[in-house]
Amino acid sequence: MVQALLTEIELRKKEVQGEVETIYFGGGTPSLLTDRELKAIIDKIYVLFKIAANPEITLEANPDDLTPLKIQELAQTRINRLSIGIQSFFDEDLKMMNRAHNAKEAIESLKESKKYFDNISLDLIYGIPGMSEERWMKNMELAADLEIPHISSYALTVEPQTALKKFIDSGKIAPVDEDMAKRHYEMLLAFMEERGYDNYEFSNFGKPGFESKNNTAYWEGKPYIGIGPSAHSYSGNTRSWNVSNNSIYIRKIAEGILPSEYEILTIADKYNEYLMTGLRTKKGVSMKKIETDFGSQFADYLLEQAKIHLAKGDLFLESGKLSLAKKAKFLGDGISGDLFWVEG
């Protein structure tokens, strides 16, 4: 697999014209790669592409993978940011979500990582059935007290054909309560603001200077290439994705063939994506950009569709920027859908 990844990077070296600002090892469990394998991939990228002076190089990892030795080995590579899937600091939550680590390992992995890495992000899940407001508050307090500079927090989603889905369907676990999840999110906003974190995107909170450059590039619509099975890429005009089957991926790459499909994005696709990502961010949606990139027809349409939400105070328009009110952030995806251009 690693050799296939290296070959795909070689096959796609002409796709990036400018500097590479971020490298992100994510999706699946990249922390299973050895330090030698990670170095080989990073070195290949440095050989084939022009790399920015201070790139952000992130590795996603689970707490149970981050032994003291593993963290020391990662610190010897060019990786300078860790994103750790904590999810919760309580064993009852972790067991229900079928996580491999426990609460003790979660805390130990963060403490050990801080010895070698300044730039650390952790994930927390809210809206978990049975999670009280007190327990959710304790989760946030533990993360902040450990002085983790970046926190990503997501509502629990129940995927089909998972143990959690079966437990909910059988009545062993209560279903996800949307009202509770909304309350948890409101608590999250208030707590993070009080502790000095900037809510620069719906689910992301960073201390000054610790916003994720990789994620920000995605929300700003910058091009990127995804390497490996199931990886998605975006050029600005097209979106492509690799085959998900590992064996087919490796075989095709060995034959010098990129095993991917792609779609050409229409102007409506681009408009809708900009709305969806823009409203999730602190920067909001620029009416000037809408006018320049998509034309007056789209700008007029947006203002017309936004009227009802502006009147309700869920959206506000200020200095040419359309943004979500704090009270409406949890409803942002639905509001974005109301603003989408629907091909008739």
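Anything mentioned here points back to the structure above.
All figures in this text were calculated on a predicted structure; none of them were measured in a lab. Here the residue numbering is sequential within each chain, running from 1 through the sequence in written order. Where local features are concerned, this predicted model is filtered to residues with pLDDT of at least 70; where side-chain atom pairs are given and counted, the filter is 80 or more; whole-chain, interface and lining totals use all residues. The side-chain values count all of the structure's non-hydrogen atoms but skip hydrogen atoms and water molecules.

Digging into the overall build of the protein
Here a strand is any run of E in DSSP of at least two residues, a helix any run of H or I of at least four, and the numbering for each starts at the N terminus. If you tally the helices and strands in the protein, you get 14 helices and 13 strands. Rg of the C-alpha trace for the protein: 21 Å, near the compact-globule value of 20 Å for 344 residues, within the 12% margin. Along the longest, intermediate and shortest principal axes, the C-alpha atoms of the protein span 55 × 50 × 45 Å. Buried residues are those whose accessible area, probed at 1.4 Å on protein chains only, stays under 20% of the maximum for their type, while exposed residues exceed 50% and partly exposed ones sit between those limits. Here the protein holds 344 residues, and 45% of them are scored as buried. As defined in this context, the radius of gyration uses C-alpha atoms, and a globule is described by 2.2 Å times the residue total to the power 0.38.

A look at the sheet that holds strand β11 (residues 285-286)
A pair of strands is treated as paired once DSSP finds two or more bridges between them. Reading across from one edge, β11-β13-β12 is the order of the three strands in this open sheet, with antiparallel pairing throughout. Since the sheet does not close on itself, it has two edges, and those belong to β11 and β12 (315-318), each with one partner. As defined by bridge partners, β11 adjoins strand β13 (residues 321-324) across two bridges and the pair is classed as antiparallel. Looking at β13, one finds that Val285 is bridged to Leu322.

Concerning the pairing of strand β5 (residues 150-155)
Strand direction decides the pairing type here: strand β4 (residues 119-126) and β5, joined by six bridges, are parallel. Bridging across to β5, Tyr126 finds its partner in Ala155. When the strands point away from the viewer, a crossover counts as right-handed if the path from the first strand over the helix to the second runs clockwise. This β-α-β element, β4 to helix α6 (residues 133-145) to β5, shows right-handed connectivity. With three bridges connecting them, β5 and strand β7 (residues 204-206) associate as antiparallel partners.

Some thoughts on the nonpolar core
Among buried residues, those of type Ala, Val, Leu, Ile, Met, Phe, Trp, Tyr and Cys that are joined through side-chain atoms within 4.5 Å constitute a nonpolar core. Membership of the largest hydrophobic core comes to 63 residues, with the highest contact counts inside it found for Ile41, Ile79, Phe89, Leu110 and Leu122. Top contributing element to this core by residue count: helix α8 (residues 178-194), with seven residues. Ala268, Tyr274, Ala306 and Ala328 belong to the second largest nonpolar core, which has 20 residues in total.

Some remarks on helix α13 (residues 296-312)
One less than the number of residues in a helix, times 1.5 Å, gives the span that helix is expected to have. Helix length check: α13, at 17 residues, gives a terminal C-alpha distance of 25 Å against a target of 24 Å (1.5 Å per residue), a fit within 8%. The axis of α13 is deflected most strongly, by about 45°, at Ala306. Check the buried side of α13 and you find it contacts α11 (267-280), β11, α12 (287-294), β12, β13 and α14 (332-339). One axis is fitted to the seven residues ending at the residue and one to the seven starting there. The bend at that residue is the angle between these axes. Contact criterion: two residues are considered in contact whenever any of their non-hydrogen atoms come within 4.5 Å of each other.

Let's talk about the environment of Pro63
Examined against the element boundaries, Pro63 turns out to sit in the loop between β2 (51-61) and α3 (68-75). With relative accessibility at 3%, the residue Pro63 sits in the buried group. Taking the C-alpha atoms as reference, Pro63 lies 9.5 Å from Lys104; in sequence the two are 41 residues apart. Discounting chain neighbours no more than four positions away, the residues touching Pro63 are Ile84, Gly85, Ile86, His101, Glu105, Ala106 and Ser109.

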